[in-house]
Amino acid sequence: MKDIAKAVDKYRDLILEAERYIWNHPETGYKEFETSKYLEENFVKLGYDIVKAQGITGFTAQIDTGREGPVLLVLGELDSIICPAHPEADPATGGVHSCGHNAQCASLLGIA
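In this text, all values refer to a predicted model and were calculated from it rather than measured experimentally. (Residues numbered from 1 in each chain as written. Predicted model: local features only at pLDDT ≥ 70, side-chain atom pairs only at ≥ 80, totals over all residues. Heavy atoms only, no water.)

A. How the structure looks around the nonpolar core. Counting residues in each nonpolar core, the largest one holds 13 residues, and the members touching the most others are Ala-18, Leu-39, Phe-43, Cys-105 and Leu-109. Every element with two or more residues in this core is listed here: α2 (12-24), α3 (33-45) and α4 (101-111). (Core = buried A, V, L, I, M, F, W, Y, C linked by side-chain atoms within 4.5 Å. Buried < 20%, exposed > 50% of the residue type's maximum accessible area, 1.4 Å probe, protein only. Helix = DSSP H or I, 4+ residues; strand = E, 2+ residues; numbered from the N terminus.)

B. Representation of the pattern of salt bridges in the model. Tallied over the full model, the rule gives three salt bridges. With a closest N to O distance of 4.0 Å, Glu-41 and Lys-37 form a salt bridge. With a gap of four residues between them, Glu-41 and Lys-37 both fall in helix α3, about one helical turn apart. A residue is classified by how much of its surface remains accessible, and Glu-41, at 40% relative accessible area, is partly exposed. Assessed through its relative accessible area of 51%, Lys-37 is described here as exposed. Residue Glu-40 is joined to Lys-52 by a salt bridge in which the shortest nitrogen-to-oxygen separation is 3.6 Å. With Glu-40 in helix α3 and Lys-52 in strand β1 (residues 50-52), this residue pair connects regions lying 12 residues apart in the sequence. (Salt bridge = Lys/Arg side-chain N within 4 Å of Asp/Glu carboxyl O.)

C. Focus on the packing of aromatic side chains. Under the definition given, this model contains three aromatic pairs. Relative to Phe-59, the ring of Phe-43 has its centre 5.2 Å away and its plane inclined at 70°; by these criteria the two rings are edge-to-face. A residue pair is termed long-range when its members are at least 10 positions apart, and Phe-43 in helix α3 and Phe-59 in strand β2 (residues 59-61) qualify at 16 residues. Judged by relative accessible area, which is 9%, Phe-43 ranks as buried. Among the aromatic residues, those joined into a cluster by ring pairs are Phe-43, Tyr-48 and Phe-59. (Phe/Tyr/Trp six-rings, centres within 6.5 Å; stacked < 30°, edge-to-face > 60°.)

D. Representation of a nonpolar patch on the surface within the structure. Together, Met-1, Ile-4 and Val-8 give the surface a local cluster of nonpolar side chains, amounting to about 360 Å² of exposed area. Its location among the elements puts Ile-4 in helix α1 (residues 2-10). By relative accessible area, which is 52% here, Ile-4 ends up exposed. (Patch = residues over 30% accessible without salt bridge, like charges linked within 9 Å, V, L, I, M, F, W, Y side chains within 5 Å. Areas by Shrake-Rupley, 256 points an atom, 1.4 Å probe, with all protein chains shown as cover.)

See below:
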């Protein structure tokens, strides 16, 4: 457990910055251009080769451990919801990450 805590602490700023960036840039489904680009750039900085989705936003990245066994998928959603009544909704679009996807994506960086 201490190793996990150390790993999280090492990337604490990256995780928290990602959560705030994504919160402040809500984009609805299939239009998450800024969010996808932001995450792609951060995964590349962490040393991952990414594969961009074809025709939609998003990407994949894989780690080959060299060991036999199943492939594990860790997924995070990018899209926000439209809720113009939310106090922190984007005034232009009504988008807001009150769905928690901002935290999912930040967690993906922490896991990576």
